[in-house]
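What the coordinates show
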Amino acid sequence: MKISILGVKWDKYQCFRGGANKGVDMIRRELLSETTEININGVDLYDTEVQELGDVEPKESANIVPLVAEKVKNATGLLVTLGGSHAISLGPIKALKPENFVVIDAHADLYPKDFHEGEWMKHPPNTLSQENITWCVHQEGVKIHLIGQRVFGPVEEKYMKDNKIEVSNIEKLKQVKGSVYLSIDFDCLDPSQFLAVGNPEPNGMDFQQVIDTVRAVADRIVAVDFVEFTPFPEDETGKQLN
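Residues numbered from 1 in each chain as written. Predicted model: local features only at pLDDT ≥ 70, side-chain atom pairs only at ≥ 80, totals over all residues. Heavy atoms only, no water.

Within the protein, the secondary structure is distributed over seven helices and nine strands. Split into buried and exposed, the 242 residues of the protein put 52% on the buried side. Partitioning the contacts of the protein with sequence separation of at least 6, the portion at a separation of at least 24 is 74%. Split by element, the accessible area of the protein, about 11400 Å² in all, is 51% carbon and sulfur. (Helix = DSSP H or I, 4+ residues; strand = E, 2+ residues; numbered from the N terminus. Buried < 20%, exposed > 50% of the residue type's maximum accessible area, 1.4 Å probe, protein only. Contact = heavy atoms within 4.5 Å. Areas by Shrake-Rupley, 256 points an atom, 1.4 Å probe, with all protein chains shown as cover.)

See the structure below:
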């Protein structure tokens, strides 16, 4: 199996606790570690040919899409993008144009791009951010499949109702047709399982639930990203990932 790995070091406007850009190198190191064994649907992800695409470090969110697009031109096999803020997902989405966006996350991230509310939204209006990433992907004509979401604002709930978007489940995912871009936000996990995220939420998923979700769409995945791992300042080696 061939995979291409790209890091996107962007965490500006990350709400509550920031620092997800520092997680990119830690995720990469753990993903490529000889002690990491991942087997999904009979595919051993350790037995892979890895193409390293390096990192991009956008100065502003508007730079994410063009910088990622330039890197993705050279990708072979499964594209694995490491964040960073969840905002980085739009880069590979626009480059690859998948039919489906399966997003495992605690939050719906369906605030319209021009919506802004209070100090907790640190990005300026009309700026790509983790709060509006799924909304932005939906504007690209990609079908949205939410998994693990448990926090919704009234604006998001209305958008979901108006656009017939719902929190899905494994059985429904098995029926999804077409190419899948899989996005895994670490805050999908319950804080008792994984706390090193910028915005943890209670009543989350466990590791087995995440694995089962991946298995449900594994044969249709064209790309995957891992985002919002936000290491604690005292954790210089990424021990939480172990």
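With that settled, consider the packing of aromatic side chains. Summed over the entire model, instances satisfying the criterion amount to seven aromatic pairs. Ring centres of Tyr111 and Phe115 lie 5.2 Å apart, and the angle between their planes is 10°; this geometry places the pair in the stacked category. Per residue, the accessibility class of Tyr111 equals that of Phe115, and both read buried. (Phe/Tyr/Trp six-rings, centres within 6.5 Å; stacked < 30°, edge-to-face > 60°.)

Turning our eyes to something else, we now look at the pattern of salt bridges. For the structure on display, the rule yields 13 salt bridges. The partner of Arg220 in a salt bridge is Asp219, and the shortest N-O contact between them spans 2.8 Å. Among the charged side chains, a salt-bridge network with shared partners connects Lys9, Asp25, Arg28, Glu52 and Asp55. (Salt bridge = Lys/Arg side-chain N within 4 Å of Asp/Glu carboxyl O.)

The subject of this paragraph is unusual backbone geometry. Here the residue pair Gly83 and Gly84 is connected by a cis peptide bond, since its omega of 15° sits within 30 degrees of zero. Relative to the helices and strands, Gly84 is located in the loop between strand 5 (78-83) and helix 3 (90-96). One non-glycine residue, Phe16, lies in positive phi territory at about 60°. On the secondary structure map, Phe16 appears in the loop between strand 1 (2-8) and helix 1 (23-31). Although it is not a glycine, Asp109 sits at a positive phi angle of roughly 55°. Residue placement: Asp109 occurs in the loop between strand 6 (100-104) and helix 4 (133-139). Since its relative accessible area comes to 7%, Asp109 is described here as buried.

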